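A structural walkthrough
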There are 4 protein chains.
Amino acid sequence: MPTPVILDCDPGHDDVFAIWLAAGDPEIDLRAVTTVGGNGRLYHTTYNARVVISLAGIKGVPIAPGADSPMVRLLKPAEWIHGDNALGGPELPKPTVEADPRTAIELIRDTLDASDEPVTIVATGPLTNVAMFARTCPDRLPMIKEVVWMGGSTGRGNVTPYAEFNAWTDPEAVAIVLGTGVPFTMVGLNVTHQVLATREVIARIGAVGNRTAAFGVELLNFFNSTYETDQGMPDGPLHDPVAVALVARPGLVTTVRTRVDVELHGTETAGATCVDLLGKLNRPPNANVATGVDVPAFWRLVEDAIRTLD
Amino acid sequence: MPTPVILDCDPGHDDVFAIWLAAGDPEIDLRAVTTVGGNGRLYHTTYNARVVISLAGIKGVPIAPGADSPMVRLLKPAEWIHGDNALGGPELPKPTVEADPRTAIELIRDTLDASDEPVTIVATGPLTNVAMFARTCPDRLPMIKEVVWMGGSTGRGNVTPYAEFNAWTDPEAVAIVLGTGVPFTMVGLNVTHQVLATREVIARIGAVGNRTAAFGVELLNFFNSTYETDQGMPDGPLHDPVAVALVARPGLVTTVRTRVDVELHGTETAGATCVDLLGKLNRPPNANVATGVDVPAFWRLVEDAIRTLD
Amino acid sequence: MPTPVILDCDPGHDDVFAIWLAAGDPEIDLRAVTTVGGNGRLYHTTYNARVVISLAGIKGVPIAPGADSPMVRLLKPAEWIHGDNALGGPELPKPTVEADPRTAIELIRDTLDASDEPVTIVATGPLTNVAMFARTCPDRLPMIKEVVWMGGSTGRGNVTPYAEFNAWTDPEAVAIVLGTGVPFTMVGLNVTHQVLATREVIARIGAVGNRTAAFGVELLNFFNSTYETDQGMPDGPLHDPVAVALVARPGLVTTVRTRVDVELHGTETAGATCVDLLGKLNRPPNANVATGVDVPAFWRLVEDAIRTLD
Amino acid sequence: MPTPVILDCDPGHDDVFAIWLAAGDPEIDLRAVTTVGGNGRLYHTTYNARVVISLAGIKGVPIAPGADSPMVRLLKPAEWIHGDNALGGPELPKPTVEADPRTAIELIRDTLDASDEPVTIVATGPLTNVAMFARTCPDRLPMIKEVVWMGGSTGRGNVTPYAEFNAWTDPEAVAIVLGTGVPFTMVGLNVTHQVLATREVIARIGAVGNRTAAFGVELLNFFNSTYETDQGMPDGPLHDPVAVALVARPGLVTTVRTRVDVELHGTETAGATCVDLLGKLNRPPNANVATGVDVPAFWRLVEDAIRTLD
Ligand SMILES: [Ca+2]
Ligand SMILES: [Ca+2]
Ligand SMILES: [Ca+2]
Ligand SMILES: [Ca+2]
């Protein structure tokens with residue numbers, strides 16, 4: 001039985017692979033895609049989701065736009081990585097799939113209500129939509145099986161020394177979601193920096209040979225070029241699909257049960273996800289935190305999923 | 001033409017008078033009441049709204065419950081002022097009016113959508129519902145004529161040295177609402193501490209002679225007793241209806257156009273509403289801030305409104 | 001027996017009157033003057049102290065320069081009130097008194113060591129020197145009878161909505177001094193804004209007729225002109241000598257025993273002195289805080305002191 | 001020509017090796033040792049410095065006690081690593097060397113004044129003394145060639161997720177020292193966690209065969225036992241002598257020129273040293289930060305230095 005999943009994302013190059021993996025993997029039952037401002041403004045991330053879902057021939061997955069803006073702070077889209085439209089590189093074919101008339105919060109609510117079993121939310125952008133949902137529909141929280149979030153880090157960040165982009169964009173949302181008590185798994189940079197889109201990886205994806213693969217190769221080439229400039233990493237880390245992989249194949253990503261607190265008040269460290277791996281703070285654990293990934297198995301999963309698409 | 005108003009509140013003794021004033025004053029067209037956790041948990045504040053609307057014979061005003069919890073922080077209900085059920089003092093008669101099946105956010109949205117003209121939101125509790133609405137329905141913000149909020153202070157606070165209860169309960173919500181750019185008026189302690197429920201005031205209200213007045217007298221006596229203990233004020237300040245009075249009678253409350261920033265990060269001052277009356281910060285004005293009130297005119301308004309009720 | 005006093009100051013117009021009051025009042029035994037960066041850079045405040053001590057014919061009071069810079073933050077001299085040299089208005093006569101070769105910390109230490117009885121430190125600038133002394137010579141703290149500080153406020157500030165200049169300049173120093181446990185009295189804006197240099201006050205001081213008085217009148221006229229522009233107060237409040245008056249005449253300034261915590265971490269409120277007058281925080285009292293002043297008696301004291309000078 | 005050095009430390013097991021390396025290495029001219037509260041209260045750290053200097057037969061190096069307490073915060077000695085007396089493990093022989101009558105600040109000042117050339121301060125504890133010196137004797141700052149500090153981290157911390165003990169103990173002191181503009185090198189956990197006191201290392205030190213070596217072995221065995229319990233590291237990292245080695249042998253420790261800002265205001269991250277290795281913040285560089293160490297060369301240096309001692 002595949003795991004029912006709502007994917008909340010801000011495409012974004014790596015979000016695209018998360019969408020494709022969630023749609024193409026047999027162990028995931030992708031029931032909805034919701035979008036959020038993050039890598040780009042909501043207008044772009046919603047449009048991009050429509051583009052890549054149309055292009056891959058994914059059917060029957062409603063797409064609903066959520067929050068354009070973080071809870072409390074201002075949005076600063078990650079143009080330095082993802083370009084002006086959040087999906088720099090390839091020319092974007094006109095999408096054939098429309099956005100759902102519902103808001104992200106309504107679509108999440110309806111998807112939970114329509115399900116016979118609790119649903120996993122995989123979030124690969126700022127947690128704004130999930131936090132908004134938690135505050136708007138607190139009675140529906142028990143229907144969320146788990147929130148699996150690509151974001152944060154157990155070590156260094158990628159926007160400021162200690163903050164990862166998704167966490168830095170909306171730290172208050174992270175605090176809200178952690179505070180709900182819904183089971184929470186964080187897949188941070190400490191793990192996602194292991195899945196690098198090397199030349200070999202790109203070649204293998206290209207060799208799949210369908211139009212999704214071809215488009216993906218263009219995305220990865222752009223992504224690698226901005227990662228080299230901005231982060232000194234010639235092979236960009238494909239963060240977001242790792243969160244999907246964790247749900248698709250238990251064990252592929254290893255985790256520890258520990259304590260995560262997000263910094264809301266620092267002048268230098270806002271959005272730092274403080275993971276108390278040594279248990280020095282004597283606080284109860286509140287999260288599973290990814291600590292490792294089977295890199296070859298991960299890429300096989302991505303490749304296999306793309307093969308199922310158009 | 002009376003001003004269309006949605007009243008968002010957390011009854012609470014003084015919220016009750018805000019409801020009655022909004023319902024009974026001829027210059028206010030009260031279209032909805034929404035409730036929020038604040039003086040008490042949402043369960044109590046919603047119940048209390050139903051009780052005092054039923055008791056006063058107010059008809060046709062839907063009541064919808066909103067957020068139980070502030071955006072980011074934990075709720076600490078003001079039991080030290082309002083008692084365990086947020087409406088200590090009188091025995092509460094069973095309400096005859098039911099709550100609306102919609103949530104506060106839905107009721108605000110529908111009320112705005114049904115209106116031919118922009119609607120004023122008077123908020124007399126933590127701004128959580130208004131902030132949630134702003135984030136959930138940003139496209140509806142132009143239909144809000146103004147948010148008039150009882151909260152904050154230009155001087156000292158009443159929970160911590162510099163924070164007033166509503167602001168202290170959900171400072172992030174204040175920041176969100178200020179950030180929307182919707183016209184905003186703050187009616188703070190610096191003004192509401194002028195409208196004291198003295199023995200003379202209570203006698204006049206009692207002399208109205210209907211059951212609403214009698215219930216109101218019981219409320220004020222309880223309120224004064226806790227205010228004396230907690231704040232050293234034997235005559236309690238009837239904060240919330242001042243915000244309604246400002247809408248009902250332009251000029252009754254004087255305001256200045258100035259800058260308000262809410263402290264989100266201090267260890268001693270979270271929730272302080274920093275009002276730059278001297279313009280020392282060189283930031284653009286973002287609010288109207290109440291600076292004075294015609295106290296006799298205010299009490300006449302309250303008295304007259306109660307006279308129209310059951 | 002007059003009270004032995006070390007005066008730590010940042011002259012500054014009102015500091016000048018504090019020096020003259022401390023030197024001229026029979027109940028104060030002024031043993032040392034130390035200077036600190038605040039209203040102006042240390043260079044100016046030290047020079048100004050020498051000028052006004054020379055001009056007033058004060059003998060035998062060593063003057064030692066202390067810290068130019070706050071503990072952690074950058075100094076922003078109050079040029080908007082005190083002018084470029086911290087003592088705008090009159091032409092400054094060349095000082096005849098030299099600065100002591102010792103640093104402020106050494107002079108404080110030596111003054112304490114030379115005394116048969118504990119010595120009161122009256123501080124009328126940022127508390128940097130006192131904090132530095134506390135950290136450098138912790139063994140000498142028992143020889144300080146009390147620190148009486150002009151600074152802070154129980155209400156609004158004068159640089160930001162909630163911070164007074166001396167507290168805002170070096171909040172960490174306030175925290176350090178409060179943390180020492182040395183008896184501490186705060187004389188804040190809530191009281192000093194009552195002692196206004198009105199036309200009548202200036203006339204009376206002018207009528208003293210000596211050169212100190214004449215210089216003082218020039219200072220007050222300049223001070224009033226900047227206060228009108230910056231604070232909308234045509235009669236400037238003569239803050240600093242109120243702290244001296246409190247020591248000179250017990251009872252002239254009334255105080256309450258209460259709790260003071262200084263905000264170190266707020267983005268809008270750094271330097272706010274949070275005075276828990278209502279005891280809402282349930283923390284042990286750590287300070288005496290001035291709440292009132294006998295204004296006519298204060299001005300008589302100032303006038304009488306100036307009469308004893310050249 | 002050996003480099004003249006003042007060693008400011010809080011012994012502490014690893015500080016002891018820093019003292020011995022500084023005293024025994026031919027390229028270091030150790031002119032003074034100053035102590036600070038950190039791993040233990042000042043009483044212990046000063047006593048411990050006297051013990052290990054006496055035991056090793058180090059002559060002519062004055063030892064002066066400095067600050068017991070951080071600038072603004074409370075001291076929490078690292079008993080969980082260093083034991084109750086900051087030097088758990090061996091029985092401490094009575095010291096034969098007395099402490100200097102001067103304070104640390106006076107000894108630093110006199111040492112700088114007596115030198116023909118600028119002097120390097122190697123600090124292996126909280127930076128309180130150095131910060132105090134900077135504020136007390138700003139005119140002497142040009143006589144400091146460089147401050148080389150063991151503290152901070154470019155990655156994770158060891159007390160909280162992002163704060164290293166020395167930085168966490170007195171973050172304000174780090175900010176003060178960084179703010180002086182004196183050349184500053186940070187040797188953080190990212191490098192010191194590479195120099196582990198393995199069984200082989202301990203055996204080699206033991207094989208030196210003198211009483212210093214024997215005492216050192218006892219220290220390392222204790223240190224490793226607490227590191228295993230507290231940090232899950234069976235071989236403890238010998239942090240402090242790495243800072244001495246950097247001065248003794250240019251090139252042994254590699255550094256990058258970059259930007260360091262210390263977090264003063266976070267609730268979860270106070271004391272985090274935020275090292276902008278990617279230059280994302282666009283601020284001017286203000287520090288050299290260690291990024292690598294030649295581990296075998298380091299241990300040879302330590303071994304050789306111990307061999308020169310008693
Ligand atoms: Ca993403
Ligand atoms: Ca209320
Ligand atoms: Ca002053
Ligand atoms: Ca150390």
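To start, this report covers the structure provided alongside it. Here the structure is a predicted model, which is why all the values come from computation and not from measurement.

Description of the packing of helix α9 (residues 199–208) of chain D against helix α12 (residues 295–307) of chain D
Residues and elements named next belong to chain D. One can describe the packing of α9 onto α12 by two numbers: an axis separation of 9 Å at closest approach and a directional angle of 20 degrees. It follows that α9 is roughly parallel to α12 by the angle criterion. When you trace α9 past α12, the crossing you get is right-handed. From α9, V201, R204, I205 and V208 reach across to α12, where they touch W299, R300, V302, E303, I306 and R307. When its residues are assigned to classes, the contact of α9 with α12 shows six nonpolar, no polar and four charged.

Regarding the side chain of T34(C)
Residues and elements named next belong to chain C. For T34, the position within the fold is in strand β2 (residues 28–35). The class of T34 is buried, set by a relative accessible area of 0%. With residues near it in sequence (within four places) discarded, T34 still touches I6, L7, D8, C9, A64, A104, L107, I108 and N129.

Thoughts on the relation of the copies chain C and chain D
In the superposition of chain C on chain D (RMSD 0.0 Å, axial shift 0.1 Å), the rotation amounts to 180 degrees. The two molecules are tied by a two-fold rotation axis, judged by turn and shift. The position closest to the rotation axis in chain C is occupied by the C-alpha of H265(C), lying 2.6 Å away. When the interface residues of chain C are mapped onto chain D, 100% of them again lie at the interface, so the same face is used by both copies.

Focus: the sheet that holds strand β1 (residues 3–9) of chain C
Through backbone hydrogen bonds, the strands of a sheet pair up, either in parallel or in antiparallel fashion. All names here are of chain C. Pairing within the open sheet is mixed, and its eight strands lie in the order β3-β2-β1-β4-β5-β6-β10-β7. Each edge of the open sheet carries a strand with a single partner, namely β3 (63–65) and β7 (253–258). Neighbour-to-neighbour, the strand axes of this sheet turn through a mean angle of 25 degrees, independent of strand direction.

Considerations on the interface of chain D and chain A
At the interface, 30 residues of chain D touch 30 residues of chain A. Summed over both sides, the interface of chain D with chain A buries roughly 2,400 Å², with 52% coming from carbon and sulfur. Its largest share of buried area at the contact with chain A, chain D owes to Y162(D), E268(D) and K280(D), together 28% of the area lost on that side. Applying the counting rule to chain D against chain A returns four salt bridges. Inspection of the region where chain D meets chain A yields 21 residue pairs in polar contact (both at pLDDT 80 or more). Contributions of two or more residues to the side of chain D that touches chain A are made by α10 (211–231), β8 (260–262) and β9 (273–275) of chain D. Take the side of chain D that touches chain A: its biggest share by element is three residues, from β9(D).

Considering the relation of the copies chain D and chain A
For the pair chain D and chain A, the superposition axis carries a translation of 0.0 Å, the fit reaches an RMSD of 0.0 Å, and the rotation angle comes to 180 degrees. With an isologous cut-off of 70% or more, the 100% of interface residues of chain D that recur at the interface of chain A puts this contact in the isologous class.

Structural notes on the coordination of the calcium ion (ligand 1)
Residue and element names in this part refer to chain A. Binding of the calcium ion (ligand 1) to the protein goes through D10 (OD), D15 (OD), D15 (OD), T124 (O) and D240 (OD), at separations of 2.1 to 2.5 Å. Mapped onto the polypeptide sequence, the residues donating to the calcium ion (ligand 1) form the spacing pattern D-x4-D-x108-T-x115-D. Each member of the pair, D10 as well as D15, carries the same accessibility label: buried.

Here we look at the packing of aromatic side chains
Residue and element names in this part refer to chain D. Within this structure, the stated rule accounts for 34 aromatic pairs over all chains. Considering the side-chain rings of F17 and W20, the 5.3 Å spacing of their centres and the 65 degrees angle between planes classify their relative orientation as edge-to-face. In this pair, F17 and W20 are both assigned in helix α1 (residues 13–24), three residues apart and thus about one turn of the helix distant. The same class applies to F17 and to W20, which are both buried.

About the cut-offs
Residues numbered from 1 in each chain as written. Chains lettered and ligands numbered in written order. Predicted model: local features only at pLDDT ≥ 70, side-chain atom pairs only at ≥ 80, totals over all residues. Heavy atoms only, no water. Axes fitted to C-alpha atoms, helices over the stretch in contact; angles between N-to-C directions. Helix = DSSP H or I, 4+ residues; strand = E, 2+ residues; numbered from the N terminus. Parallel < 35°, antiparallel > 145°, perpendicular 65-115°, else oblique. Left-handed = near helix turned anticlockwise from the far one by under 90°. Contact = heavy atoms within 4.5 Å. Nonpolar A, V, L, I, M, F, W, Y, C, P; charged D, E, K, R; others polar. Buried < 20%, exposed > 50% of the residue type's maximum accessible area, 1.4 Å probe, protein only. Least-squares fit on C-alpha atoms with pLDDT ≥ 70 in both. Pairing = 2+ DSSP bridges. Buried area = accessible area lost by both parts, 1.4 Å probe. Salt bridge = Lys/Arg side-chain N within 4 Å of Asp/Glu carboxyl O. Polar contact = N/O pair within 3.5 Å; in protein donor to acceptor, adjacent residues only side chain to side chain. Donors = N, O, S within 2.8 Å, 3.2 Å for Na, K, Ca; no water. Phe/Tyr/Trp six-rings, centres within 6.5 Å; stacked < 30°, edge-to-face > 60°.

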